[in-house]
Amino acid sequence: MTTAANGTAGPAVRVRFLGDFELTVNGTPVQRWRAGKARGLFQYLVVHRGQMLTRDRLYASLWPGTDSTSGSSLKVAAHALRRVLDAHPDRPGDSGIRLVYRDFGYVLHVTGLWSDLDRFQELVHTGLRAAAAGDAPLARTRLRAAIGLYGGEFLRGESADWVVEQREYLRALALRALGVLRADAEAREDFVELIEVCKRTLEIDRHHEETYRALMAAHGRRGELACVRRWYELCARRMRDELAVAPGPETQRLLGTLLPAAARAAAVTAAAVRAPVSAVTGAPPATVRALRPAAGRRAGTPAWSADARTAAPARPVRRARPDNRAAAALARTADQATA
């Protein structure tokens, strides 16, 4: 790839981590990598740029289980990375990228870098500080911009441990920013923005109960009780089918406040999901009893029949002892007749 400058204004190197990975150098997207791990090495180095990363650390993160003293994977990836990005340590190309080997490890230097990862974190932290200081307009502006940058999870499709760790941290940061925006919209009674913020939250975490409660409460204030019920049912279905749990007590109480009749029905369903043992009889629910193995059932009894749960095994018939009294009486009568 050639990285000659083409007059494009702005940073020479632009990197997008949120969603699909994208690297642009001097306005030209980098689409072909000479080695399979060259891209992964660059991603890891950019996140930790300016730091000297030892060979052991790089192997543990990018080639787990490989001996760093004998493997050549890192050398191959570093060589390919220098060729792709003109990142020679002594003669950097127009990109301003330098990959330097020093003290048994590598360090990446990038001049004129823009990264959505850096900008997202900067906006969120600035917005949260403004919210804590009571500056709602500034917090709103910064956090809206941050969520606008959050185009998806960090390095979507990648599964390395270091990627998952970074992904979960950024996901939690996005949810925190959305939580502040949701509270702000509720305070201003901005129903349109509240719905949008809640929708965005559920795209990131479809089991976020606080968001379902916010939607139920908002529709309840507007008298849209059918919507209250639908949001609750969606929450309950996702929690049950995907997490095998029922909505929490706070969600149940809110439903009871808004729709008392629906809450009573939901309480019965929640109890069935939560309780592995019947509260009335102390016995397992019928579905559990019916799924027990057939070892304890009589031969020929169907698995789903009532007999499989209630019938007691038949008692063995006692055999009567022989009665010799009649024979003895006949013998005495015979003796008397012959006397």
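Bear in mind that the values here come from a model prediction, so they are computed numbers and not experimental data.

Parameters and conventions
Residues numbered from 1 in each chain as written. Predicted model: local features only at pLDDT ≥ 70, side-chain atom pairs only at ≥ 80, totals over all residues. Heavy atoms only, no water. Helix = DSSP H or I, 4+ residues; strand = E, 2+ residues; numbered from the N terminus. Contact = heavy atoms within 4.5 Å. Areas by Shrake-Rupley, 256 points an atom, 1.4 Å probe, with all protein chains shown as cover. Pairing = 2+ DSSP bridges. Axes fitted to C-alpha atoms, helices over the stretch in contact; angles between N-to-C directions. Left-handed = near helix turned anticlockwise from the far one by under 90°. Nonpolar A, V, L, I, M, F, W, Y, C, P; charged D, E, K, R; others polar. Salt bridge = Lys/Arg side-chain N within 4 Å of Asp/Glu carboxyl O. Buried < 20%, exposed > 50% of the residue type's maximum accessible area, 1.4 Å probe, protein only.

*Asks:* Kindly report on the overall build of the protein, identifying the contributing residues and their values.
*Replies:* Of the regular secondary structure elements, the protein holds 14 helices and 7 strands. Taking all contacts inside the protein whose residues are at least 6 apart in sequence as the whole, residues at least 24 apart take part in 53%. As presented, the protein carries roughly 20,100 Å² of accessible surface, and 52% of it is formed by carbon and sulfur atoms.

*Asks:* Outline the sheet that holds strand 4 (residues 53–54), listing residues and values.
*Replies:* Hydrogen bonding along the main chain pairs the strands of a sheet, whether they run parallel or antiparallel. In spatial order, the strands read 4-6-5; together these 3 strands make up an open sheet with antiparallel pairing. Bordering the open sheet on either side are strand 4 and strand 5 (97–102), each of which pairs with just one other strand. Inspection of the sheet shows strand 4 paired to strand 6 (residues 105–110) by 2 bridges, in the antiparallel sense. Looking at strand 6, one finds that Thr54 is bridged to Gly105.

*Asks:* Please provide a residue-by-residue account of the packing of helix 4 (residues 116–132) against helix 6 (residues 161–188), values included.
*Replies:* Axis angle and axis distance: for two packed helices, these are the angle between their axes and the distance between the axes, and together they describe the pair. Their axes nearest at 10 Å, the elements helix 4 and helix 6 cross at an angle of 40 degrees. Between helix 4 and helix 6 the crossing geometry is left-handed. Contacts from Leu117, Phe120, Gln121, Val124, His125, Leu128 and Ala131 of helix 4 reach helix 6 at Gln166, Tyr169, Leu170, Leu173, Ala174, Arg176, Ala177 and Val180. Residues that form the contact of helix 4 with helix 6 fall into these classes: 11 nonpolar, 3 polar and 1 charged.

*Asks:* Hey, could you go over the sheet that holds strand 1 (residues 13–16) for me, with residue numbers and the actual values?
*Replies:* Reading across the sheet, the 4 strands line up as 3-2-1-7 and stay open at both edges, with mixed pairing between neighbours. Sheet topology places strand 3 (28–29) and strand 7 (113–115) at the edges, where each strand pairs with a single neighbour. Here strand 1 runs beside strand 2 (residues 22–25); their pairing, made up of 4 bridges, is antiparallel. Residue pairing across strands places Arg14 opposite Thr24, the latter belonging to strand 2.

*Asks:* Go over the pattern of salt bridges, please, and point to the residues and values.
*Replies:* Inspection of the entire model under this criterion finds 20 salt bridges. A salt bridge links Glu242 to Arg206, with the nearest nitrogen and oxygen atoms 2.9 Å apart. Taken together, the positions of Glu242 in helix 9 (residues 225–243) and Arg206 in the loop between helix 7 (191–204) and helix 8 (209–221) put the pair 36 residues apart, joining distant regions of the chain. Glu242 sits in the partly exposed class, given a relative accessible area of 37%. Taking the relative accessible area as the measure of exposure, Arg206 reaches 36% and is therefore partly exposed.

*Asks:* Can you explain the pairing of strand 1? Please cite residues and give values.
*Replies:* Judged by which residues are buried, strand 1 turns out to be one-sided: Val13 and Val15 face inward and are buried, whereas Arg14 and Arg16, on the alternate face, are not. Between strand 1 and strand 2, which pair antiparallel and follow one another directly, the connecting turn spans 5 residues, one of which, Gly19, has a positive phi of 100 degrees. Across 3 bridges, strand 1 lies against strand 7 in parallel orientation. Its bridge partner lying in strand 7, Val13 is registered against Leu113.

*Asks:* Provide a residue-level description of the pairing of strand 6, including the pertinent values.
*Replies:* Counting buried positions along strand 6 yields 5 of 6 residues, so the element is predominantly enclosed. Bridge count between strand 5 and strand 6: 6 bridges; the pairing is antiparallel. Counted as the bridge partner of Val100 is Val107 from strand 6. Where strand 5 folds back onto strand 6 in an antiparallel hairpin, the turn is made up of 2 residues, including Asp103, whose phi is positive at roughly 55 degrees.

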